[in-house]
Amino acid sequence: MQQANWVPDGTDTEKPNAARVYDYYLGGSHNFEVDRVMARKAMEFWPELPEIMRANRAFLRRAVQHLAEQGVTRFLDIGSGIPTFGPVHEIARAIRPDSRVVYVDHDPIAVAHSRLLLKDDPQSVVVEADLRKLDDLLSRPEVVDLLAAGEPVGLLMVSVLHFISEEDDPYGLVRTLRDALPPGSALVVCHASLEGRPDQAGAHQDLYRRTPTPITMRNREAITPFFDGFELLEPGLVFLPEWRPEDPASVGPHPERMTGLAGVGLLP
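Since we're looking at a predicted model, the values are computed, not measured.

What counts and what doesn't
- Residues numbered from 1 in each chain as written.
- Predicted model: local features only at pLDDT ≥ 70, side-chain atom pairs only at ≥ 80, totals over all residues.
- Heavy atoms only, no water.
- 1 Å grid on protein atoms, 1.4 Å probe; cavity = no way out; pocket = protein on both sides within 12 Å on 5 of 7 lines; lining within 4 Å.
- Points joined across faces, edges and corners; volume = space filled by probe spheres on them.
- Nonpolar A, V, L, I, M, F, W, Y, C, P; charged D, E, K, R; others polar.
- Helix = DSSP H or I, 4+ residues; strand = E, 2+ residues; numbered from the N terminus.
- Buried < 20%, exposed > 50% of the residue type's maximum accessible area, 1.4 Å probe, protein only.
- Salt bridge = Lys/Arg side-chain N within 4 Å of Asp/Glu carboxyl O.
- Axes fitted to C-alpha atoms, helices over the stretch in contact; angles between N-to-C directions.
- Parallel < 35°, antiparallel > 145°, perpendicular 65-115°, else oblique.
- Left-handed = near helix turned anticlockwise from the far one by under 90°.
- Contact = heavy atoms within 4.5 Å.
- Core = buried A, V, L, I, M, F, W, Y, C linked by side-chain atoms within 4.5 Å.

Trainee: I would appreciate a short explanation of empty space enclosed by the protein in the present structure.
Mentor: Over the atoms, a rolled probe matching the size of one water molecule traces out where space is still vacant. On inspection of all chains with the given rule, the structure shows 1 cavity of 30 Å³ or more. Each pocket or cavity is described by its volume, and for the largest cavity that value is around 40 Å³. Within the lining of the largest cavity, the residues separate by chemical class into 4 nonpolar, no polar and 3 charged.

So this is what it looks like as structure tokens:
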């Protein structure tokens, strides 16, 4: 049987991968049966997971569209996973065809898949680097080149900061990235919150503690400081469906059930 063109040689198709599981939640096709089995098990615990992941991706789309409409053509997507099912470069180029994207992830499996998917796209590159090691990340030629022009950059940190523990100083990491950005840049954040579903938060964190990627859910008071030095755009830090919905009716009566808090800040 011929292997799909997005699957690197030597890929272990018997072991689930978080990036492919996320793709499955989104309704994508870049996943294996082992990933789908893992996703279904998680959904037994939290049936709304696919809806939450799609709300997360919908927020990313709206935020990138807004920045592109404001003239941003450079994007640094940290914790990008596999850029499938509405990836940043497609969203941005629908408005700004000259948009450039640097995708960054520390998962070698996600990086390998991504490089195959983007091998014919000279305006999109994939970097294997760890957010917790910024000296290394910021020294990569692809990242240096993206920042060097002095043009505004959209820094995307969507569903990545909750994987950074307090021990790794997530606020210091964001400050360092902020200081590396050109004026007029933007920070896009979505973060798993303790506030939306307090009945599920503890069990959800326990589930992730049994994986290589434990999660630290934070409340609004703890998430807001990530935007220090940025001007938080209206409507501020809100639940995922509430950030500039295309149709206000789509927010629904319980946006908190999507759990994530999201916001976009501009750098003066």
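Trainee: I tried to follow unusual backbone geometry on my own but got confused; where do I start?
Mentor: Glycine aside, residues mostly have negative phi angles, and peptide bonds mostly take the trans form. The residue after Glu234, namely Pro235, is reached through a cis peptide bond having omega 10 degrees. You can see Pro235 is positioned in the loop between β6 (231-232) and β7 (238-239). Located in the positive-phi region is Ser159, a residue other than glycine, with phi close to 60 degrees. Since its relative accessible area comes to 22%, Ser159 is described here as partly exposed.

Trainee: How should I be thinking about the pattern of salt bridges in this particular structure?
Mentor: Opposite charge on two side chains lets them pair, provided their charged atoms get close. Within the structure shown, the criterion is met by 11 salt bridges. Measuring nitrogen to oxygen at the nearest pair gives 3.1 Å for the salt bridge that ties Glu33 to Arg36. Here Arg36 and Glu33 lie together in helix α2 (residues 33-45), a separation of 3 residues that amounts to about one turn. Its relative accessible area of 40% is what places Glu33 among the partly exposed residues. The exposure class assigned to Arg36 is partly exposed, which follows from its relative accessible area of 22%.

Trainee: Hey, could you run me through the packing of helix α1 (residues 18-26) against α2 in this one?
Mentor: The packing of two helices is summarised by the inter-axis angle and the distance between the axes. Following both chains from N to C, one finds α1 and α2 inclined at 70 degrees, their axes separated by 9 Å at the closest point. With respect to α2, the element α1 is oriented roughly perpendicular. Judged by the sense of rotation from one axis to the other, the crossing of α1 with α2 is right-handed. Contacts from Arg20, Val21, Tyr24 and Tyr25 in α1 reach Asp35, Arg36, Met38, Ala39, Arg40, Ala42 and Met43 in α2. When its residues are assigned to classes, the contact of α1 with α2 shows 7 nonpolar, no polar and 4 charged.

Trainee: Please clarify how the nonpolar core should be interpreted in this entry.
Mentor: Side chains that are nonpolar tend, in soluble globular proteins, to be buried together. Counting 33 residues, the largest nonpolar core has Leu76, Leu131 and Met157 as its most contacted members. Looking at this core, the elements that each hand over two or more residues are β1 (74-78), β2 (100-105), α6 (134-139), α7 (141-148), β4 (153-158), α8 (170-180) and β5 (186-192). Looking at which element gives the most residues to this core, the answer is α8, with 4 residues. Residues in contact with Leu76, not counting those within four places in the same chain, are Val102, Val104, Val143, Leu146, Val153, Gly154, Leu155 and Leu156.

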